Amino acid sequence: MADLPSGLLEACVVVGAPADKLRDIYQIHQQSKLSEHPLLDAEVLQVHAPPFVSKETNSSQAIGPAFSRVQRRRSFIKKKRRDRAAESLSNGDTANRAEVSSATEDISVPKDLDLIALPQLCFPGGLQLANEQKEDSYHFLVFTDLFGNRTHGVVVQYYRAVQSCQEGVVQNGHRWNSSKSRLYAPFAVCIISKFPYYNALRECLSCLLVQIRPARQADIEETIKEFSAKLSLVPLPPPGQLHVSFSLRPLQVVLPSRDDQDSPVIDINLHLPFLCFTHTTLLQVLSCLLQEQRLVLFSSDWARLTLVAESLLLYLQPLSWQQPYVPVLSRGMLDFLMAPTAFLMGCHISHFEEVAAETEDLILVNIDDGIIQSSWSESINLPAVPLAAAESFMSRAECLQLHYDLELCHLGVGTDANALRCQRRDWQRRLNTQIQNITLELVVNIFRGVQDFLNHEHRVFNSEEFLRTREPADQCFYKEVLDTHIFHSFLRDRLNRKRDTFSRMEQNMRNNGLRNGAMTEFPRRPPMSELSRTGYSSCASPSDRLSKRLGASLPNLEQPASDATTGISISRPASLRKMTPDIGLKFPQKAVKVFRLPEFPPPLAYHYVQNYYSDMVASLGKAINGTPPEESALLARYHYLRGLVNTVSNRRLDALEDFQSLYKTDSDIFPLQMVKSLVDSLPEGERIQADRRPELKRLISRVKRDQERERARHGNGQEEGAVKRFQLPKKYMQQEEFVKCVQESGIVKDQGTIHRLFDALTVGHQKQIGPELFRVFYTIWKETEAEAQEVCLPASVLEHIEPSECVFKLSSSVKTSRGVGKIAMTQRRLFLLTDGRPGYVEVAQYRDLEEVKVSSAPFLLLRIPSLKLRIRGRKESFEANLKTETELWNLMVKEMWAGRNMADQHKDPQYMQQALTNALLMDAAVGSLQSSKAIYAASKLAHFDRIKMEVPMMVPKTTAETLKHKINPSLELAAPQPVDVLLYTPGQLWVAVSGGKVMVFDASSWSLTHTCHVGNARLNCMLGVDKDQVWMGSEDSVIYIISMVAMVCNRQLTEHRAEVTGLALDTDKYSQKVAYSCSAEGTVMVWDVSTLQVKRHFRLSSDRLLSVCIWNGTLWCCSRDSLMEVWRNGSLKHRLNLPEQQKGSTATFSSVLLLPEREELWSVCVDSGEVCIWYTKDPTKPFHRVALQDCSGCNCIIKVKNQVWVGGVGRSSTKGKIYILDAERHQVLKELHGHNDKVTALCSAEDRYILSGGGKLDGKIAIWKVE
C-alpha cells in the first residue's frame, strides 16, 4: 500500500462536556439558579478522520480516495448512549439515530493523534457553562511528537443552548422550556493538519459554524462529518507559485504554497510581533531564542500565543528550533514549566505572577504589554544580538508599512466579501515577504562567513577561529549561541552544502561585495584601509576575505586592483525601483497563480468522489494545455498537483506520467518518497504496463537506483549529521594524521605544503609530531596573525599603499639605512614604519628586488647580522640590522620575491598567495622550534625559492605575451581537480570540475560568483541554449538544465540511456530553436527547446559517440573510430574512418571542428600529434595533415577569428600545450605552455580571449589574449 500524500485534514475532533453531565447541571440550574457554574471535564465526543469512503469491492488494491498518509489506525470507541438518544429524540428520529450510532461506534483515529491531552488544550482555560450566549472564540495549537514532527490544530469554541431532555418543544433546533432561564454549553471543534494553515482553517471553521447554527441537534454530527470529508478531498499546493483555492460557502478559501521544498508554509500574519513589541524588545526575544533560553510567552488571548510564537520561529528561518515547543499550556499543564531543558511555551497572563514566583531561570515575555523580563529580575542580562546586525534590522524594520488601513485610504468601499478578503490577502503576502527578507538578512548578518571556518572533508568547525573574527562586544553572544542545538543543526546544513534561503542571500551579498570592488588578493588579513577605519573585527567578516572561496584573484597583476580592466565587462542597466524595506535583498517575486478546485461533491459517496477527482484532473489538464512552454515552473506545479490527484484516485500509471513530466520540468519539487511508495504499490499488471512505456520505465529505474544509492550510503555509515569542533591533538601524529589535523585547523589545506611543514617541524627528530609542539606552533601562528591585525596605520601611511593591501608580518623596531622603525611585510611590498610619529618609507616592491642576502653591520666593536636588499633602479642598497631575526627575514623575503616572479611570469596570483603562506609558516616554525636547527627547518618551506635555484622557471616569451591571467577553481581544496568542461556565456564563465560540480565566474573580474552541484557524475559537455538556460550533459545519462537567472538546476532530461557526450544548437525549417544531444552508445536526440520534448531520435552504429555539430542541414557526428555525415532524419550520408598512422596503428578521435565557410572539417586524436583536415565536399581522405611538434595527443579543438587552437599534451614533458594554427595556411603559428598537465578543455570569450583548462595535476584555467 502506498503512503499517500498529506492532505489538508488529518482529523476533525469535537470536544465538549458529556450529555449526561449537561443534563444533570441543567436540572440543578433550573431548580436552584446557580450564580456560578462549576468547571467541567471536557471529553472527546466525535472524531472524524479519512478515509471517509472506500471502494467496497477489491478494496485491497484501492488507495482510499482522500489525501491521508495514515493507513494503520487505532480505534476510538464511543460510549454507547442509544438509550439516552432514544429518550431525547422523537420517535421518528430514533431509528435513524440508532443507525448512525451503530455505524460510527468504532471510529478510526490516526495512530499519532493523542486524544488524551486534546480536550484540555481545546479548553485551556477550562470548560464552564454560561447563562448567556457568548461569541465564538478561535485559538491555535501545535503538537510535537517524539521525533520532533509537528502537527497543527485550529480550534473554535462555540456555545449551544443546553436542552432539558424532558421538557419543552423544539425551537430552532434547540429544546428548552421558555419559562425557565437558558443555559449555554461550550463545544470545541478542532481541525488537525500536518501543515500550519492557520488562516485557511479558521475560515473553514467559520463556514462550518454557519451550517451548524441552524442545524438540529441530531444533524450536527453528520454535518461535521461531511465538512471533514470535504476537507479531506483538498490537495495541498506544491512548493512554488501555485496556490489552491476551494469554495466552502459562503467563503472562497485559499491555501498558499510554500516558497520551495525546504521552506515552511506561511499562513499567518507575520507582522503581529512588530505590533506587540518595540524593535529592541523583539531583538531581545530573538536573541533569547538563538541562545536557547527557557522562554514563556504570556497573553490574555490564547490565539495570540501561538501566532506570535510561530512568527518568532519563522523569523529565525532557516535555523530551526530544536527544543520542546508548546505555545498553549492549559491550566493543568503548568508543571511543564519545571522542565530542566530549554523550551518555548505559552500560557495565560493570569498565571504570570504564579509562574514568575515558583520557577527560576525563565525568560518571561508579556505579549499584551510588549515587555520581556526574567523570573529573577525585571530586566534580562543576556548578550544582545550583534550590534551591526541589530542596527541594520532596525533601520529596515522602521520602513515597514504595518497598517492595512493606510492601504485603503484611496480605495472605495467594497461590496464583495471575497474580493475584499483577496485584496487583504495580497497585501499581507507582500508584507510577509518583506518581513521574511528582513529577518533573513538579520540571520545572515549574524552568521555570515560561518562556512569559511568549516572543513568539509573532515566535517570540522573551527569555532575558536570564528570567534576571533567577531567584534569583542559580540563575543559573549556567539559563545552562548555556538553551543546550542539550533546552531549545530544550522552547521550540519552548511556542511551538507544545503542550498537554502540563507546560502542564497549570503551568496548575493558576497556578489554585491565583489561588484562594489571589495576584492582582496589574500585571505587571512583585511585590507589596512578597512582596519584603520573600523578596527579588525568589523571588517574581518569573510565577505571581505574573498580569496577564501574564490579561485580567482586580481584580474591583472600588472595593474593595481582598483583599475584592473582585464575582465570582460557586461553593461547591465540599473533599474530604478521604489524603495522598500527589503530593497536589494531578493529578486522580485513572480506572480502567483491560484488553481480553483471544482465544487465539492456529496463527500460520503465513493462514485461522486471519483467523479470529483476526474473533474479536477480535467481542470488541471486544461490548465496544462493553456500554459505556454516558457512558463515551465507553473507547468511543473500543475503536473505535481495532477500527479497527487491521480495518486489518491487510484490512477497510478497516470500519476507516474505526471511525475515523470514534473521531473523533467522542475526536479527541485520532485516528491521522491511519494513516487517510491507509488512504484512499490504497483500491482503486477500495472507494473508490466509501465515497463512497456519507455518514459515510465526510466522513471521507475531512476527511483530504484536512488533507493539503492541511499541504502548503500546508510550501509557505508556515511554520517551527514556529525559536526566536530576543532581540537588540538592529544597524541603523537604521523604524517597522515598531521595533514588531517592541519587541514581541520584551517591553517592551510594544500597537501604538498603540509608535507613540507611536517618535514620542517621534524628536522633532526623522529618523523612524528607531538601534541605540545603542535600546540606551540598553532599558538604562534594565531598570535602572529593577531599581532599584525592590531596594527593601525595612520592615514599618511595608508595613502602610499593599495586599498587591498594587508600587513602580514611586522618586525621589532630596528635600525636601518633609511631610519629607525619596524619593517612591515604586505603581499606587495616591504616598507618601513618609522618610530616616533609613524611615517612611511618605501623599501621595495618584491618584483623590483635584484638581490637579497644576509650581511653584517658594524656596531662599536661588534658585527651585527643584517639583511641587505639590492633594488632595481636604486644606487644604494637597503640594509636593516634585524639581529636575531635576520636569517628568518632573509628566508621570508626571498620566498616572497620568488613567488612574485613566478606569479608575474605565469600570470597566476596564486603563486604569490602560496609564497605568503610559506613565509608565514616559516615564521611560526622558527618560533615553535627555538633551536639551532630552526632556520634550517624553516628553509624546508622555501618552496619557490628552491624551485628558482634548482630549475629556472622561465616562461617562453610567446606564452608570456599571450597569457593574461590564471584562475584556480581548486584553490580551497586539498588537491587540484581536473577542469572537465568550459563554457562562456555573456558575462559569465562556467567551469565543470569533477563529480558534477559547476563553478560560475564573473567575466569582468574572473571572480567566483556561484557554485552548484548537478548530480554526482562527471560532466562531458555544456551548451548555452538561450538567455536563461545552460544544458549540461553528464556521465549519469542525464541532461541537467541550469537557470542562469536563479542559478538553480531544477530541470532534467532523462531520455538518454547512456552517458551524454555532446550537445549542439540549431533552428529547424520553421525557425524554431532545436537542440541536438548524443550519448555514448550512438543515440542522437532532437529536442524542442521551448517544450523540452524529444521531436525525434535515431541511433548510429559507432564506437562511443563523442560529439555532434550541425551545418547546412546535415549533422557531423564524431565517434572514437569514425566521423559521420548524417541527414537530419538519421540516415547516413558519409562515414570517414580514422586515418592510418605512420606506424600502421590507428588512434582514436577525440574532437572535431567544422569550418563551414572553408568547407573543412578538422579532427584531432587522443594519441596522435597530428591535425587532420578534411574537405567536406570530398570527404573520402584527409587532404592535409599538420604535424604538431613534440605533441603526443590532442583533446580539444576550437576556432577563434581566423585561428584554430588545439589543446593537447607534450611528448617530452607530459605538460599541457596549446597550438595556434592559421586556418587558411594550415600552419602552426604559436606554441603555448600554460598547464602542468594535459589541456582538457577550450572555450572562446567573445573572440577576445581563449580559456583553457588543465588536467588533474594542474586544475587551473588559463586566460589567453587572442591576437
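Residues numbered from 1 in each chain as written. Predicted model: local features only at pLDDT ≥ 70, side-chain atom pairs only at ≥ 80, totals over all residues. Heavy atoms only, no water.

By the naming in an unreviewed UniProt entry, the protein chain is DENN domain containing 3, taken from Scophthalmus maximus.

A. Seen up close, the environment of serine 855. On the secondary structure map, serine 855 appears in strand 28 (residues 849-859). Along the chain, serine 855 and threonine 886 lie 31 residues apart, while their C-alpha atoms are 8.8 Å from each other. With near-sequence residues (within four places) excluded, serine 855 lies in contact with Ile864, Pro865, Ser866, Lys868 and Glu879. (Helix = DSSP H or I, 4+ residues; strand = E, 2+ residues; numbered from the N terminus. Contact = heavy atoms within 4.5 Å.)

B. Looking closely at the packing of aromatic side chains. Evaluated as defined, the whole model comprises 29 aromatic pairs. Plain terms: the ring middles of phenylalanine 487 and phenylalanine 490 are 5.9 Å apart, the flat faces sit at 40 degrees to each other, and that makes the pair tilted. In this pair, phenylalanine 487 and phenylalanine 490 are both assigned in helix 16 (residues 485-495), three residues apart and thus about one turn of the helix distant. Taken individually, phenylalanine 487 and phenylalanine 490 each receive the classification buried, so the pair is uniform in this respect. Members of the aromatic cluster, each reached through a chain of ring pairs, are Phe447, Phe453, Phe461, Phe466, Phe477, Tyr478, Phe487, Phe490 and Phe502. Note that arginine 160 overlies the ring of phenylalanine 187, its terminal NZ or CZ placed 4.1 Å from the centroid. Geometry around tyrosine 1249 places lysine 1265 over its ring, the cationic atom sitting 5.3 Å from the centre. (Phe/Tyr/Trp six-rings, centres within 6.5 Å; stacked < 30°, edge-to-face > 60°. Buried < 20%, exposed > 50% of the residue type's maximum accessible area, 1.4 Å probe, protein only. Lys NZ or Arg CZ within 6 Å of the ring centre and 35° of its normal.)

C. Local environment of the sheet that holds strand 41 (residues 1073-1079). Pairing is antiparallel in the open sheet, where four strands are placed in the order 40-41-42-43. Each of the sheet's edge strands pairs with one partner strand only, and the pair in question is strand 40 (1060-1067) and strand 43 (1093-1099). Sheet twist, expressed as the average angle between the axes of neighbouring strands with direction ignored, equals 20 degrees. Judged from the seven bridges that link them, strand 40 and strand 41 form a sheet pairing that is antiparallel. (Pairing = 2+ DSSP bridges. Axes fitted to C-alpha atoms, helices over the stretch in contact; angles between N-to-C directions.)

D. Molecular detail of the packing of helix 30 (residues 886-906) against helix 31 (residues 909-929). Axis separation between helix 30 and helix 31 bottoms out at 7 Å; the angle between their running directions is 170 degrees. When the axes of helix 30 and helix 31 are compared, the pair comes out roughly antiparallel. For the pair formed by helix 30 and helix 31, the contact residues are Leu888, Leu891, Met892, Glu895, Met896, Gly899, Arg900, Met902, Ala903 and His906 on the first element and Pro909, Tyr911, Met912, Ala915, Leu916, Asn918, Ala919, Met922, Asp923 and Val926 on the second. Residue composition of the contact of helix 30 with helix 31, grouped by class: 14 nonpolar, three polar and three charged. (Parallel < 35°, antiparallel > 145°, perpendicular 65-115°, else oblique. Nonpolar A, V, L, I, M, F, W, Y, C, P; charged D, E, K, R; others polar.)

E. Local environment of the pairing of strand 46 (residues 1122-1127). Counting buried residues in strand 46 gives five out of six residues, a clear majority hidden from the surface. Taken together, the five bridges between strand 45 (residues 1114-1119) and strand 46 define a ladder with antiparallel strand orientation. Within strand 46, the position partnered with cysteine 1118 by the bridge is leucine 1123. Hairpin connection from strand 45 to strand 46: two residues lie between these consecutive antiparallel strands. In this sheet, strand 47 (residues 1132-1137) lies alongside strand 46 in antiparallel orientation, the contact comprising five bridges. Paired with leucine 1123 across the strands is leucine 1136, a residue of strand 47.

F. Spatial organisation of helix 8 (residues 279-290). The terminal C-alpha atoms of helix 8 lie 16 Å apart, and with 12 residues this matches the ideal 16 Å at 1.5 Å per residue to within 8%. With 10 of its 12 residues buried, helix 8 lies for the most part within the structure. For helix 8, the set of buried residues is His279, Thr281, Leu282, Leu283, Val285, Leu286, Ser287, Cys288, Leu289 and Leu290. One or two positions beyond helix 8, positive phi appears at glutamate 292, with a value near 55 degrees. (Expected span 1.5 Å × (residues − 1).)

G. Spotlight on the sheet that holds strand 15 (residues 325-326). Overall, mixed pairing links the five strands, which are arranged 15-16-14-17-18 in an open sheet. Each of the sheet's edge strands pairs with one partner strand only, and the pair in question is strand 15 and strand 18 (371-374). Here two bridges tie strand 15 to strand 16 (residues 343-348), and the two strands are oriented parallel to one another. Across the sheet, tyrosine 325 pairs through a bridge with leucine 344, a residue of strand 16.

H. Expanded view of the environment of tyrosine 1076. Following the sequence through the fold, tyrosine 1076 ends up in strand 41. Assessed through its relative accessible area of 1%, tyrosine 1076 is described here as buried. The contact partners of tyrosine 1076, leaving out residues within four places of it in the chain, are Gly1062, Leu1063, Ala1064, Asp1066, Val1084, Met1085, Val1086, Arg1096, Val1108, Ile1110, Leu1115 and Arg1128.

I. Structural context of the nonpolar core. If you look at the biggest cluster of nonpolar residues, it comprises 194 residues, and the most contacted ones within it are Phe246, Phe447, Phe461 and Leu656. Ignoring anything within four residues of it in the chain, the contact list for phenylalanine 447 reads Leu290, Leu319, Val481, Phe487, Phe490 and Phe502. Of all hydrophobic cores here, the second largest spans 68 residues; its members include Ile747, Phe777, Leu888 and Met922. (Core = buried A, V, L, I, M, F, W, Y, C linked by side-chain atoms within 4.5 Å.)

J. Inspection of helix 5 (residues 198-212) at higher detail. Helix length check: helix 5, at 15 residues, gives a terminal C-alpha distance of 21 Å against a target of 21 Å (1.5 Å per residue), a fit within 8%. Across the 15 residues of helix 5, 11 count as buried, placing the element largely inside the fold. Of the residues making up helix 5, those classed as buried are Tyr198, Asn199, Ala200, Leu201, Glu203, Cys204, Leu205, Cys207, Leu208, Leu209 and Ile212.

K. Fine view of the pairing of strand 44 (residues 1105-1111). The buried fraction of strand 44 is high, at five of seven residues. Inspection of the sheet shows strand 44 paired to strand 45 by six bridges, in the antiparallel sense. Within strand 45, the position partnered with cysteine 1109 by the bridge is tryptophan 1116. Remark: two residues form the turn of the hairpin made by strand 44 and strand 45, two consecutive strands paired antiparallel; asparagine 1112 in that turn has positive phi of roughly 55 degrees.

L. Up close: the confidence of the model for the protein chain. Put simply, the protein chain has an average pLDDT of 81, and 84% of its residues get 70 or more. Predicted confidence for residues 57-63 stays below pLDDT 50, and this span has 14 contacts to residues more than four positions away or in other chains. Every residue in residues 517-579 is under pLDDT 50, and counting partners more than four places away or in other chains gives 183 contacts. (pLDDT = per-residue confidence, 0-100.)

M. The state of the cysteines, seen in detail. For the structure shown, the criterion picks out zero disulfides. Cysteine cysteine 122 remains unbridged, with the sulfur of cysteine 190 as its closest cysteine sulfur at 4.5 Å. A relative accessible area of 0% places cysteine 122 in the buried class. Not engaged in a disulfide, the cysteine cysteine 1117 finds its nearest cysteine sulfur in cysteine 1078; these two sulfurs lie 6.6 Å apart. (Disulfide = S-S within 2.5 Å.)

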